[in-house]
2 protein chains.
Amino acid sequence: MPAEPSSALPASPPLTERQEARRRRILHASAQLASRGGFDAVQMREVAESSQVALGTLYRYFPSKVHLLVATMQDQLEHMHGTLRKKPPQGATAAERVAETLMRAFRALQREPHLADAMVRALTFADRSVSPEVDQVSRQTTAIVLDAMGLENPTPEQLSAVRVIEHTWHSALITWLSGRASIAQVKIDIETVCRLIDLTAPEADS
Amino acid sequence: MPAEPSSALPASPPLTERQEARRRRILHASAQLASRGGFDAVQMREVAESSQVALGTLYRYFPSKVHLLVATMQDQLEHMHGTLRKKPPQGATAAERVAETLMRAFRALQREPHLADAMVRALTFADRSVSPEVDQVSRQTTAIVLDAMGLENPTPEQLSAVRVIEHTWHSALITWLSGRASIAQVKIDIETVCRLIDLTAPEADS
DNA sequence: CGCTAATCTAGAACAAGTTTCAGACTTGAT
DNA sequence: ATCAAGTCTGAAACTTGTTCTAGATTAGCG
């Protein structure tokens, strides 16, 4: 298994070694600050200082705070996908496996609630200028869910169900992060939405 | 039928007439600016000027831009709930009626996409300090959906389904507003998630 | 090596959300 | 009518995201 991640961006100009190192330092600083105090604690000047880079350079690498945090999320997601791949969920049905996978991810986020806050808020606050990056996150999430379902060729109906699951996932996270829903409630909602999977299984076609 | 809306906030100190007028002017200015250019176009200094109120006063009425926009959303939601009540959806099943209601709301939002942008972005960007107000919006939305279902005493399962529908509603709106999903896709996702209602109907209990 | 274009740095400057403050105005109670 | 308390105003100040500029450094190339 080669080191190259499965789906990197078009990679317009290949980065030199030092540039790659800068990029890593920036993402690391971003995640570190986010872990401390969430979205507000990621201040561009501080990120620049922590990663030993001038402010202008930071903006050359990531054209806005939201871009930076979405990239941070891409980074974390790749991690998580790798982790999940090693220990696939054990449930008997696709719905169970997806729910189990999402709850596992949820528990990981609970360990770093501030980081989760920063990433999710950035993701939902992103405007059109960040669409490509947000889309990439969405594709990665879809891949994780489809992995859990064990599907190669999902039907359009199933894809819609997966989109709805992702919608619920993001929005439920937000309600939890802003203290309006308990962990138990998020769990219930995830389990509820996962029932859609059974409903859209090919043999259950209406 | 009295003028008092069904569920106002605790209403700590009752406002004088002039204060009520100020509050209305502010909300009106906010909605107007939002209709022009969305979230970014609602600039606190401009809102203050448009509503003939000092900046400090604006902040006394609404402690942050997000508070202001969430309050604007409450206002619009009350409007919409009233409109919907007059022409209840005609679908045969609860799922159809909910989907119809949400699509009607969606079409209303499409007429003012910038306003929708401002309100939805504020809603999902809100942090804990805005929780009470966001919760109020959520309750209002829940009321609209339950109205469409025609339910008096929903089961916990059904409430979870309604929450999932709201999650999908908000998140699907965001993907549409940020240009990552088409109107058709939003429609499909809404219809998909509404199928959950049938799944949680009391007689279909697992 | 020496040149050129691209990149990086430090720092100022700008934009918009938020806070603060002194003084003028309202309100409600006596 | 008058006083005290609370509210509103106008303006400045502060914070943090973002942009800009001039000069130093680096990378790639002949």
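Residues numbered from 1 in each chain as written. Chains lettered and ligands numbered in written order. Predicted model: local features only at pLDDT ≥ 70, side-chain atom pairs only at ≥ 80, totals over all residues. Heavy atoms only, no water.

You'll find chain A entered in an unreviewed UniProt entry as TetR family transcriptional regulator, with Streptomyces curacoi given as the organism.

Trainee: I tried to follow the pattern of salt bridges on my own but got confused; where do I start?
Mentor: Opposite charge on two side chains lets them pair, provided their charged atoms get close. In this structure the tally under the stated criterion is 18 salt bridges over all chains. Taking the shortest distance from any N to any O, the salt bridge between D135 of chain A and R139 of chain A comes out at 3.4 Å. With D135 of chain A and R139 of chain A both in helix α7 (residues 131–149) and four residues apart, this pair spans about one turn of that helix. Accessibility expressed as a relative area gives 28% for D135 of chain A, which makes it partly exposed. For R104 of chain B, the salt bridge is made with E100 of chain B, and the minimal N-O distance between the two is 3.2 Å. Here R104 of chain B and its partner E100 of chain B are both found in helix α5 (residues 94–111), four residues apart, which amounts to about one turn of the helix. (Salt bridge = Lys/Arg side-chain N within 4 Å of Asp/Glu carboxyl O. Helix = DSSP H or I, 4+ residues; strand = E, 2+ residues; numbered from the N terminus. Buried < 20%, exposed > 50% of the residue type's maximum accessible area, 1.4 Å probe, protein only.)

Trainee: So what exactly am I meant to see when it comes to the environment of E96 of chain A here?
Mentor: All names here are of chain A. By the element assignment, E96 lies in helix α5 (residues 94–111). Under the relative-accessibility criterion, E96 is labelled partly exposed at 43%. A C-alpha to C-alpha distance of 25 Å links E96 and Q136, two positions 40 residues apart in sequence.

Trainee: How should I be thinking about the protein's contact with DNA strand C in this particular structure?
Mentor: Of all residues adjacent to DNA strand C, which total 18 residues, the nearest are R22, T57 and Y61 of chain A together with R45 and K65 of chain B. Among atoms of DNA strand C positioned within 4 Å of the protein, sugar and phosphate together represent 62%. M44 of chain B has a polar backbone atom sitting 3.0 Å from a phosphate oxygen of DNA strand C. Contacts to DNA strand C include R45 of chain B, whose side-chain N or O atom sits 2.6 Å from a base nitrogen. Elements that contribute at least two residues to the surface near DNA strand C include exactly α1 (17–41) and α3 (55–61) of chain A together with α2 (44–50) and α3 (55–61) of chain B. A total of three residues in the surface near DNA strand C trace back to one element, the largest contributor, which is α3 of chain A. (Near = heavy atom within 4 Å. Polar contact = N/O pair within 3.5 Å; in protein donor to acceptor, adjacent residues only side chain to side chain.)

Trainee: What is the right way to read helix α1 (residues 17–41) of chain B from this model?
Mentor: Along an α-helix, a turn takes 3.6 residues, which lines up residues three or four apart on a common side. For α1 of chain B, built from 25 residues, the straight-helix expectation of 36 Å at 1.5 Å per residue is missed by more than 12%, its first-to-last C-alpha distance being only 29 Å. Within α1 of chain B the residues assigned to the buried category are I26, L27, A29, S30, A31, L33, A34, G38 and F39 of chain B. Next to the buried residues of α1 of chain B lie α6 (113–125) of chain A together with α2, α3, α4 (65–86) and α6 (113–125) of chain B. (Expected span 1.5 Å × (residues − 1). Contact = heavy atoms within 4.5 Å.)

Trainee: Would you mind showing me how to read the packing of helix α9 (residues 183–199) of chain A against helix α8 (residues 156–177) of chain B here?
Mentor: Helices that pack against each other are described as a pair by the angle of their axes relative to one another and the distance between those axes. Where α9 of chain A contacts α8 of chain B, the two axes come as close as 9 Å, and the packing angle between them is 85 degrees. Judged by the angle between their axes, α9 of chain A and α8 of chain B are roughly perpendicular. Counted together, Q185, I188, D189, T192, V193 and R195 of chain A of α9 of chain A and E157, S160, A161, R163, V164 and H167 of chain B of α8 of chain B form the full contact between these two elements. (Axes fitted to C-alpha atoms, helices over the stretch in contact; angles between N-to-C directions. Parallel < 35°, antiparallel > 145°, perpendicular 65-115°, else oblique.)

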